[in-house]
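What the coordinates show
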Amino acid sequence: MGAASRVTHRTGTRGADVTDPRTAPARIRSDIAHNARVWNYWLGGRDNYPVDRVVGDRVTGMYPSIGEVARADRAFLGRVVHHLAGDVGIGQFLDIGTGLPTADNTHEVAQHTAPDARVVYVDNDPTVLAHARALLTSSPEGATEYLDADARDPERILRAAARTLDLRRPVAVMMLGILNFVLDTDEARSVVDGLMGALPSGSHLVLTHPTLELGGEGNEAAMSFWNKNATPPITARSRSEFASFLDGLDLLDPGIVSCAHWRPDGGPRPAPVAQFGAVGRKP
């Protein structure tokens, strides 16, 4: 994962693009599977290549519940954003590790609840950049922006995000399935600290992360296969390692759980997936 300098911006329906996302395809490699495209495949999307489908199918064969993990992670995003935008009154979202656009993106959920919500997406995958225009729609009252940046550069992210977000007011930082690509745990904690340390009281941190706990033991071989055949490399973490990212924050109920069990919608209780989910509030 490398940082780049391009920024794309649109505010409401009146803004202008600073960089054309269509410049991205020259950086896209179709000869090796990439996480954003494989994840898109598991979610039933079409923005993927044959190599992504081959690797995705191999991983599914080794760890059949991976598709359920992907869907549970996406549903968790919707429930959290709806809660934060509606019940908590958070009007600003910084979504890092955006992934490819799909249904119910962060800005769509947030602005459905609070039309004036402002959302900044961050990713450095050229495939995501190429589809960034789909993320730049907005209600007239709100705003969206896309930053082509590395998650491991919080200072640059915050500096650029400040063009759209008021960092003196609470911000919800969304990091769903992204810290697992920062292989060194100390570095991952530093990323979180750099982001949350710069934001005011009332800001929230939203995390999901794969684990070999919660029934995920079968994922170990699949992750090993992934790291040999796809990019970027990934790591699982234990509950205690995951909890360390939330140090100093007040956990919202129900705390650290399978993301499928974070305030699920009514109906039968869903089966757990091997993906931690949690939301913390900065006191």
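Rules used throughout
- Residues numbered from 1 in each chain as written.
- Predicted model: local features only at pLDDT ≥ 70, side-chain atom pairs only at ≥ 80, totals over all residues.
- Heavy atoms only, no water.
- Helix = DSSP H or I, 4+ residues; strand = E, 2+ residues; numbered from the N terminus.
- Buried < 20%, exposed > 50% of the residue type's maximum accessible area, 1.4 Å probe, protein only.
- Contact = heavy atoms within 4.5 Å.
- Areas by Shrake-Rupley, 256 points an atom, 1.4 Å probe, with all protein chains shown as cover.
- 1 Å grid on protein atoms, 1.4 Å probe; cavity = no way out; pocket = protein on both sides within 12 Å on 5 of 7 lines; lining within 4 Å.
- Points joined across faces, edges and corners; volume = space filled by probe spheres on them.
- Nonpolar A, V, L, I, M, F, W, Y, C, P; charged D, E, K, R; others polar.
- Arc of directions from axis to C-beta.
- pLDDT = per-residue confidence, 0-100.
- Core = buried A, V, L, I, M, F, W, Y, C linked by side-chain atoms within 4.5 Å.

**Some thoughts on the overall build of the chain**
Summing up its helical and strand segments, the chain has 9 helices and 11 strands in all. Evaluated residue by residue, the chain yields a buried proportion of 55% over its 283 residues. Nonlocal contacts in the chain, meaning residues at least 24 apart in sequence, comprise 73% of its contacts between residues at least 6 apart. Accessible surface, the chain: about 11800 Å² in total, of which carbon and sulfur atoms supply 50%.

**Quick look at the layout of surface pockets**
Volume-wise, the largest pocket comes out at about 910 Å³. Lining of the largest pocket is provided by 47 residues; of these, His34, Asn35, Ala36, Phe181 and Pro232 occupy positions nearest its centre. Contributions of two or more residues to the lining of the largest pocket are made by helix 1 (35-42), helix 3 (66-88), helix 5 (126-130) and helix 8 (219-229). It is helix 1 that contributes the most residues to the lining of the largest pocket, 6 residues altogether. In terms of residue class, the lining of the largest pocket is built from 24 nonpolar, 15 polar and 8 charged.

**Notes on helix 8**
Listed in full, the buried residues belonging to helix 8 are Asn219, Ala222, Met223, Phe225 and Trp226. Across the axial projection of helix 8, the buried residues extend over an arc of 160 degrees, all falling on one side. Along helix 8, the residues that are exposed and aim more than 90 degrees away from the buried face are Glu220 and Lys228. Buried residues along helix 8 sit against strand 2 (33-34), helix 1, helix 2 (50-62), strand 7 (204-210) and strand 8 (230-231).

**Structural notes on the confidence of the model for the chain**
Here the chain averages 87 in pLDDT, and 89% of its residues register 70 or above. With pLDDT under 50 throughout, residues 1-26 is counted as low confidence; its partners more than four residues away or in other chains account for 69 contacts.

**Some words on the environment of Phe276**
The topology assignment puts Phe276 in strand 11 (residues 275-281). Given the relative accessible area of 1%, Phe276 is considered buried. Between the C-alpha atoms of Phe276 and Asp73, which are 203 residues apart in sequence, the distance is 9.2 Å.

**Thoughts on unusual backbone geometry**
Following Thr231, the chain continues into Pro232 via a peptide bond in cis, with omega recorded as -10 degrees. Structurally, Pro232 is set in the loop between strand 8 and helix 9 (239-244). Phi at Arg263 takes a positive value of approximately 45 degrees, unusual for a residue other than glycine. With respect to the helices and strands, Arg263 occurs in the loop between strand 10 (257-258) and strand 11.

**Points about the environment of Ala236**
Residue position: Ala236 is located in the loop between strand 8 and helix 9. Between the C-alpha atom of Ala236 and that of Gly216, which follows or precedes it by 20 residues, the distance is 9.4 Å. Residue contacts for Ala236: discarding those within four places in its chain leaves His209, Pro210, Thr211, Leu212, Met223 and Glu241.

**So, the nonpolar core**
With 84 residues, the main nonpolar core has Phe93, Leu94, Ile96, Val173, Met175 and Leu205 as its most contacted residues. When residues in this core are grouped by element, the largest group, 10 residues, is from helix 3. Contact partners of Met175, with chain neighbours within four places excluded, come to Ile96, Val191, Val192, Leu195, Leu205, Val206, Leu207 and Thr208.

**A look at the environment of Ala161**
Here Ala161 shows up in helix 6 (residues 154-161). With a relative accessible area of 0%, Ala161 lands in the buried category. Once the C-alpha coordinates of Ala161 and Phe93 are considered, the two residues, 68 residues apart in sequence, prove to be 9.9 Å apart. Apart from residues lying up to four places away in sequence, Ala161 is in contact with Leu94, Val120 and Leu147.

**A word on helix 1**
The buried count for helix 1 comes to 6 of 8 residues, which makes it a mostly enclosed element. Those residues of helix 1 that fall on the buried side of the exposure criterion are Asn35, Ala36, Arg37, Val38, Asn40 and Trp42. On the buried face of helix 1, the contacting elements are strand 2, helix 2, helix 3, helix 5, helix 8 and strand 8. Just downstream of helix 1 lies Gly44, where phi reads positive at about 90 degrees.

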